[in-house]
Each structure stands twice: as structure tokens, then as C-alpha cells.
Amino acid sequence: MKFPKDFYWGAATSAHQVEGGNNNDWSVWEKENSARLAKEALNKDYPKHVLNDYPGPFRRENYISGRASDHYNRYNEDFDIAKSLGHNAHRFSIEWSRIEPEEGKFNEAEIEHYRKVINALRSRGIEPFITLWHFTNPLWISKIGGWANNQTVFYFTRYAERMAKELGKDVKFWITINEPMVYAGNAYRRGIWPPAGNAKSLLKYIMVLRNFVLAHKRAYKKIKKINPGAQIGIAKNNIYFDGSGINAPLKFLADWWWNEMFLNFIENEMDFIGLNYYFHNRIKGFRFNQNINKDVSDMGWELCPEGIYKILSNLTKYKKQIFITENGLADAKDNKRADFIREHLKWIKKAMGTNGSKGKERGSNGANVRGYFHWSLLDNFEWDKGFWPRFGLVEVDYNTMQRKIRSSAYQYKKSINESQNLNKK
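Residues numbered from 1 in each chain as written. Predicted model: local features only at pLDDT ≥ 70, side-chain atom pairs only at ≥ 80, totals over all residues. Heavy atoms only, no water.

Asker: Could you clarify how one ought to interpret the overall build of the protein chain in this entry?
Answerer: Scanning the protein chain from terminus to terminus reveals 14 helices and 12 strands. Taking 425 residues into account, the globule formula puts the C-alpha radius of gyration at 22 Å, and the protein chain, at 20 Å, falls close to it. Along the first, second and third principal axes, the C-alpha set of the protein chain runs to 55 × 50 × 45 Å. Within the protein chain, buried positions represent 59% of all 425 residues. Partitioning the contacts of the protein chain with sequence separation of at least 6, the portion at a separation of at least 24 is 75%. As presented, the protein chain carries roughly 17,600 Å² of accessible surface, and 49% of it is formed by carbon and sulfur atoms. Side-chain charges of the protein chain comprise 66 positive and 47 negative groups, with the mean position of each set lying 5 Å from the other. (Helix = DSSP H or I, 4+ residues; strand = E, 2+ residues; numbered from the N terminus. Rg over C-alpha atoms; globule rule 2.2 N^0.38 Å. Buried < 20%, exposed > 50% of the residue type's maximum accessible area, 1.4 Å probe, protein only. Contact = heavy atoms within 4.5 Å. Areas by Shrake-Rupley, 256 points an atom, 1.4 Å probe, with all protein chains shown as cover. Lys, Arg positive; Asp, Glu negative; His and termini not counted. Charge placed at Lys NZ, Arg CZ, Asp CG, Glu CD.)

Below, the structure is given as C-alpha cells:
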């Protein structure tokens, strides 16, 4: 499969999931809820191979991020691995709570740390894609009500502006907010993520989504003012809703609410769309979640590579560049990941089409896809699931922190090399 010469190939991480040593609203919530989560795990079904090798779901420490993957101290080692695997781009997030641990007090040492991270990527020929917010908040933001408080929009915009001033000369690609619909839904509609408890409220859910829209728009304008050449977007989790016939109205509503509404609000303030694709939702008998589940990940998520084609085809109406900012699966045995990547790349390629214009692989279906970031570079802390799900191209031994490259990572490298070799012909 031939992709454009300037196509970005890489993997993604987020600060709280890999860095270790964070002090934010999630780290507090983990300690308060680890015993409950471990107890609830006893009533759930897990793949036998996961329980044999990673008995994490039943242990409290599984749900406490702690050292995570120690990426904060080992980023050079991890970027050497990424380089060896043929990656020319890497998506990572800045931890707001490190940068501004107290309101208005910016930590220069932590700013310098992320400057070193960016330089480490650049020195290896790897393009940095920065995410400014990936689910975690400073404790002082949490105390004022988090994203349900309109004031958080102001504080986030100020933080984004500071990062653009400090790091902008070495960063072209900025992602303001990761998966706003997922976070708002889990935190304020379902009440299973921080702040949880009495935060569960339909009104707060709507307010949080509104504030995310405002925060993105204002951060976009601030970053653009500082660096007009910056490319700014959002990482949006879109779901392939599969329904026809009498189920078509439900599909239409689901697509509008989950996949399109947020993008419609920010359409004039985004240079690209970051697509996070994991989920297929089959609608049958006028009901959602009627998946066949013949082929699933360790977490029980149905694998549906064709869904990314459907979603990309729908996103063409925005006439924006698209980056696949996340796409992956929990697969501890690494039995499915290589085929998973190949199949998704095949459907991405089909969505892009070919028009033969200046060698750009784009046209018949119009999906202007410019990069693919697999989730994740490393095994990491999977939020309220903890450490047991294994998403990494690179396996992490959480006792020794030793890295071991999985076979699928080399297969991904093979796909990258094949595309690059085709471009040389």
C-alpha cells in the first residue's frame, strides 16, 4: 500500500498513562477507588490468557498509576525504539498539572522537561504532535468544579497560550482536547470517571461539552496569533454506527450527536481532524450495541476495520486534513495486532483513493488522511481499567520497567517501509 511521501507514521501516548509520578485529579481518584474497582473486577469476565499472565484486575495496585511506564525518565530510550521501528512522528500529551501545579504559578523546570522531550524527538527526525489536555486536571481545577465551571475555559486558554509561547517554535501540530465526548460522558453522564459522585448530571454533561467547545475555539485563536503557521485540531473519538432500514433514524441521530455535533461547532476553528477510532456499534431491532462480537480484543471490543472507512468517508464533508490520532487494541498475546494494523491501513487507503495528482493518494473518496498513530507506543495505564489491558507496540514489564518490542511492531514497520519504498520507485 502506497501512502504519500510526506505521510506521518507513528504511535501515541498520553502523559498520565505513561509518565508516572503525576499528582492530579486522576491520581487522587485512583487511590480513593482502587479497592472498589478491584472488588468489582471479581464479578467480571476476563480472557483466560490475560489472567494467567497479568492477574491485575483483582489487585488494588492495578488501579493506581504510580510509576506507570516511567516514560518521564525513559523517554530517550522509548524514542530510540520508536525511531528503530520507522516512526517519523509521535503524539504525546503535556501534563497540565506539572506545568501549572498552582493557579497562575507555572513550573519552569517542567516546561524545560517538555522542551527536552520535543528536542529528543526532533533530533531523531520524529515530528512532535502535542496534545494539551488528555483527561487529567490540576487539583486546583478540580476544586473549582473542573470543566463544569466556565472559569476553566479561561484557565485552559491561558495554559495553551503559555505552551504556544514556550514551545511553539519547535512544534507545528497541536491537539487541544482529547475525546471531549468520551470524557464528558464517562465523568458527568455515567459518573464512572473523576470527579464522579455527585458530578453525575445531565445539565453538567451539557455544560462540560459547551465549555470544551469554547476552550478549543479560544485556544485555537491564541495559538494562531502566536504562530500563524501552526496546525491545530482536536482528537475526536468517532464510532461506526451500523444500522439500516427501520434502524436508519437511530443511526442518523447517533451519527449527528456523537460523531458530528462537536465538529460542527468548531468547524471554522480547526485545521485538521484527529480521528480516534476503536468502536463499532451495530443497531438492530431499534436497539444499540447488538454486535456479533465474533472477533474481539482482550477488552471485549469488537474489531471492525471496515468501520474506519465508513467514518473517514463521512468526514470528507469537512474538507480538512485528517490524522488517525489513535487506533489500537488490547492484545496481551499479540496475536491480533499485526493483522489489525494491516486491515485498518487497507481501509484507510481505500477511503483516501487515488487521483494521481502530484503523487497525492487522495481523491475518489476524498479522505485527506495525512498520518497514522497507533495506540499505543507502550503498554500503559488504561484509566479505570488499570494496567492489565496491553495496548503497546512495546511490552512493559512493570516490575523492572524493561521494554520488549512486540512482533506486531515489526510488522507495522514493514508496512511503513513498503510504502516508503514504493514512493522511491
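Picking up after the structure, the text goes on.
Asker: Can you walk me through the sheet that holds strand S3 (residues 127-133) in this structure?
Answerer: Strand pairing within a sheet occurs via backbone hydrogen bonds; the two strands may be parallel or antiparallel. Within the closed barrel, the eight strands sit side by side as S1-S2-S3-S4-S5-S7-S9-S10. Their pairing is parallel. Across the sheet, the mean angle separating the axes of adjacent strands is 25 degrees when strand polarity is ignored. Where strand S7 (residues 272-276) meets strand S9 (residues 321-326), five bridges bridge the pair, whose relative direction is parallel. Bridging from a neighbouring strand, isoleucine 273 pairs with isoleucine 322 of S9. Here helix H10 (residues 202-226) sits on the sheet and contacts S3, strand S4 (173-178) and strand S5 (231-237); the angle it forms with S5, its principal contact strand, is near 160 degrees. (Pairing = 2+ DSSP bridges. Axes fitted to C-alpha atoms, helices over the stretch in contact; angles between N-to-C directions.)

Asker: What should I look at first to understand the packing of aromatic side chains in this one?
Answerer: Here a ring pair, both rings aromatic, is described through the centre-centre distance and the interplanar angle of the planes. For the structure on display, the rule yields 48 aromatic pairs. Where phenylalanine 387 meets tyrosine 398, the ring centres are 4.6 Å apart and the plane angle is 55 degrees; that geometry is what we call tilted. Taken as a pair, phenylalanine 387 in the loop between strand S10 (369-375) and strand S11 (394-396) and tyrosine 398 in the loop between S11 and strand S12 (403-405) lie far apart in primary sequence, 11 residues in all. You'll find phenylalanine 387 and tyrosine 398 in the same group, each marked buried. (Phe/Tyr/Trp six-rings, centres within 6.5 Å; stacked < 30°, edge-to-face > 60°.)

Asker: It is not clear to me how the pairing of S9 should be interpreted in this structure. Could you clarify?
Answerer: Two faces make up the sheet, and in a regular strand the side chains alternate between them. Taking burial as the measure, the six residues of S9 include five buried ones, the bulk of the element. Sheet analysis places S9 next to S10, joined by three bridges and oriented parallel. For phenylalanine 323, the partnering residue across the bridge sits in S10 and is glycine 371.

Asker: Explanation requested: the pattern of salt bridges in the structure shown.
Answerer: Pairing is possible between side chains of opposite charge, provided their charged atoms come close. Scanning the model with the defined rule gives 31 salt bridges in all. As a salt-bridge pair, aspartate 80 and arginine 124 come within 2.8 Å of each other at their nearest N and O atoms. Taken as a pair, aspartate 80 in helix H4 (residues 71-84) and arginine 124 in the loop between helix H6 (108-123) and S3 lie far apart in primary sequence, 44 residues in all. Glutamate 343 is paired through a salt bridge with lysine 346; the nearest N and O atoms lie 3.1 Å apart. Of this pair, glutamate 343 and lysine 346 both sit in helix H13 (residues 337-352), three residues apart, roughly one helical turn. On the basis of relative accessible area, glutamate 343 is assigned to the partly exposed category, the value being 32%. In this structure lysine 346 comes out as partly exposed when scored by relative accessible area, which is 39%. (Salt bridge = Lys/Arg side-chain N within 4 Å of Asp/Glu carboxyl O.)

Asker: What is the right way to read helix H8 (residues 151-167) from this model?
Answerer: Note on helix geometry: an α-helix contains 3.6 residues per turn, so any two residues three or four positions apart are oriented the same way. Its 17 residues place the ends of H8 25 Å apart at the C-alpha level, agreeing with the 24 Å of an ideal helix rising 1.5 Å per residue. Those residues of H8 not exposed but buried are Thr152, Val153, Tyr155, Phe156, Thr157, Tyr159, Ala160, Met163, Ala164 and Leu167. In this structure, the buried side of H8 is in contact with helix H5 (96-99), H6, S3, helix H7 (139-143), S4 and H10. (Expected span 1.5 Å × (residues − 1).)

Asker: Honestly, the pairing of S5 in this entry has me stumped. Any pointers?
Answerer: Where burial is concerned, most of S5 is hidden: seven out of the seven residues are buried. The alternating pattern of S5 places Gln231, Gly233, Ala235 and Asn237 on one face and Ile232, Ile234 and Lys236 on the opposite face, and all of these are buried. Pairing geometry for S4 and S5, over four bridges, is parallel. Bridged to asparagine 178 within S5 is alanine 235. Direction of pairing for S5 relative to S7: parallel, over a ladder of five bridges. What sits directly across from lysine 236, in S7, is leucine 275.

Asker: When you look at the environment of histidine 90 in this model, what are you seeing that I'm missing?
Answerer: Mapped onto the elements, histidine 90 comes out in strand S2 (residues 89-93). Separated by 282 residues in sequence, histidine 90 and tyrosine 372 place their C-alpha atoms 9.7 Å apart. The residues touching histidine 90, leaving out its near neighbours within four places in the chain, are Ala11, Ala12, Thr13, Phe79, Leu121, Ile126, Glu127, Pro128, Phe129, Phe373 and Leu377. Engagement of the side chain of histidine 90 in a polar contact is seen with the side chain of threonine 13, the distance being 3.5 Å. (Polar contact = N/O pair within 3.5 Å; in protein donor to acceptor, adjacent residues only side chain to side chain.)

Asker: How do you make sense of the packing of helix H9 (residues 180-189) against H10 when you look at a structure like this?
Answerer: Angle between the axes and distance between the axes: these two values describe a pair of packed helices. Interaxial distance between H9 and H10 falls to 9 Å at its minimum, and their mutual angle equals 155 degrees. Relative to H10, H9 is oriented roughly antiparallel. Considering the relative orientation of H9 and H10, their crossing is right-handed. Here Pro180, Met181, Tyr183, Ala184, Gly185, Tyr188 and Arg189 of H9 lie close against H10, whose contacting residues are Lys204, Tyr205, Val208, Leu209 and Phe212. (Parallel < 35°, antiparallel > 145°, perpendicular 65-115°, else oblique. Left-handed = near helix turned anticlockwise from the far one by under 90°.)

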